Amino acid sequence: NTETRKEFTFTPGKELKQVHQEGVYRMTVSSFTAEGQVIQATAEFTISVKADGFCFSGSIKTETPGWIVKAVNYPLMGGIRINGSETGIYWPVGLGEYYKNPEVFGSKSLWYPAAMGCAMPWFSINYPGGGLYVGDHDVTQENKVINLSYDKVNRTFSTGIDRPVYAGTFRIPEVMIKPYA
């Protein structure tokens, strides 16, 4: 809230509407509540199939004076399991890094664009014969933080993209997630 300088984290609750139509899955929320006040804001998160992959996109718009969106973390994906003994990660730092062992990789985050950081807004998790591509297809090349973590106990990956917004309206750029063989 720009008037009280308080920050709130909103996650979809009972007011979440889910619609699946013609290969597009839409999740929409039309209001949020903070400290007993209803905040008129529309958030739409979309998942569709595009170019042999899953396309995540959306938009957010606040309509209550004094309220802006500080950041969006979307998509969030957890429990990603790559079955195979030779799982590796291509990570876009500098000219690129390859990690042969997910446990050595651990948990990493990087800013894009960054002069000495992220070269391209994508990474892949690989195994002999295939993998999973995760790429931010933001034509405006706005700032973002790309996160990837490996849970060695469950042998799973989780990922998310944090986007600073600081505005009342925001279009969430396309993120493509594509398994490949």
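Since we're looking at a predicted model, the values are computed, not measured.

J.: Residue-level account of the sheet that holds strand β12 (residues 156-167), with values.
T.: Ordered by their spatial adjacency, four strands build an open sheet running β5-β12-β11-β8, and the pairing between neighbours is antiparallel. Sheet topology places β5 (69-80) and β8 (107-112) at the edges, where each strand pairs with a single neighbour. Ignoring which end each strand starts from, the neighbouring axes of this sheet average 15 degrees apart. Pairing geometry for β8 and strand β11 (residues 144-151), over six bridges, is antiparallel. Looking across to β11, one finds that Leu-110 is bridged to Ile-146.

J.: How would you explain the pairing of strand β13 (residues 169-180) if you had to name every residue and give the values?
T.: Across seven bridges, the pairing between strand β4 (residues 53-62) and β13 is antiparallel. Each residue of the ladder has a partner; that of Phe-54, found in β13, is Ile-177. Pairing analysis gives six bridges linking strand β10 (residues 130-136) to β13, with the strands arranged antiparallel. By the bridge assignment for β13, Tyr-133 is matched with Lys-178.

J.: Account for the pattern of salt bridges, naming residues and giving values.
T.: Within this structure, the stated rule accounts for six salt bridges. For Arg-26, the salt bridge is made with Glu-44, and the minimal N-O distance between the two is 3.5 Å. With Arg-26 in strand β2 (residues 24-34) and Glu-44 in strand β3 (residues 37-50), the pair connects residues that are 18 residues apart, well separated along the chain. Arg-26 gets classed as partly exposed once you look at its relative accessible area, which sits at 34%. Taking relative accessible area as the criterion, Glu-44 reaches 25% and is therefore assigned partly exposed. One salt bridge in this structure joins Lys-144 and Asp-136, with 3.4 Å as the shortest N-O distance. Here the two residues Lys-144 and Asp-136 agree in accessibility, since each one is buried. Salt bridges sharing common partners tie together Asp-136, Asp-138, Lys-144 and Arg-163.

J.: Which residues make up the environment of Lys-108, and what values do they have?
T.: Here Lys-108 is to be found in strand β8. With 40 residues separating them in the primary sequence, Lys-108 and Leu-148 have C-alpha atoms 5.6 Å apart. Beyond its immediate stretch of four places on either side in the chain, Lys-108 contacts Trp-91, Tyr-99, Ile-146, Asn-147 and Leu-148.

J.: Describe the environment of Lys-17, naming the residues involved and giving the relevant values.
T.: On the secondary structure map, Lys-17 appears in strand β1 (residues 17-21). Lys-17 sits 62 residues away from Gly-79 along the chain, and the two C-alpha atoms are 24 Å apart.

J.: Give me the lowdown on the packing of aromatic side chains, citing residues and values where you can.
T.: By the definition in use, this model includes nine aromatic pairs. Through successive ring pairs, a cluster of aromatic residues spans Trp-91, Tyr-99, Phe-105 and Phe-123. Looking at Lys-108, its charged tip hangs above the ring of Phe-105, at a distance of 5.5 Å from the centre.

J.: Tell me about unusual backbone geometry, and name the residues and values.
T.: Omega for the bond connecting Tyr-74 with Pro-75 falls within 30 degrees of zero, at -5 degrees, which places this linkage in the cis form. Note on placement: Pro-75 falls in strand β5. Following Tyr-112, the chain continues to Pro-113 via a peptide bond in cis, the omega torsion being -15 degrees. Despite not being glycine, Gln-141 shows a phi value in the positive range, around 55 degrees. Within the secondary structure layout, Gln-141 lies in the loop between β10 and β11.

About the cut-offs
Residues numbered from 1 in each chain as written. Predicted model: local features only at pLDDT ≥ 70, side-chain atom pairs only at ≥ 80, totals over all residues. Heavy atoms only, no water. Pairing = 2+ DSSP bridges. Helix = DSSP H or I, 4+ residues; strand = E, 2+ residues; numbered from the N terminus. Axes fitted to C-alpha atoms, helices over the stretch in contact; angles between N-to-C directions. Salt bridge = Lys/Arg side-chain N within 4 Å of Asp/Glu carboxyl O. Buried < 20%, exposed > 50% of the residue type's maximum accessible area, 1.4 Å probe, protein only. Contact = heavy atoms within 4.5 Å. Phe/Tyr/Trp six-rings, centres within 6.5 Å; stacked < 30°, edge-to-face > 60°. Lys NZ or Arg CZ within 6 Å of the ring centre and 35° of its normal.

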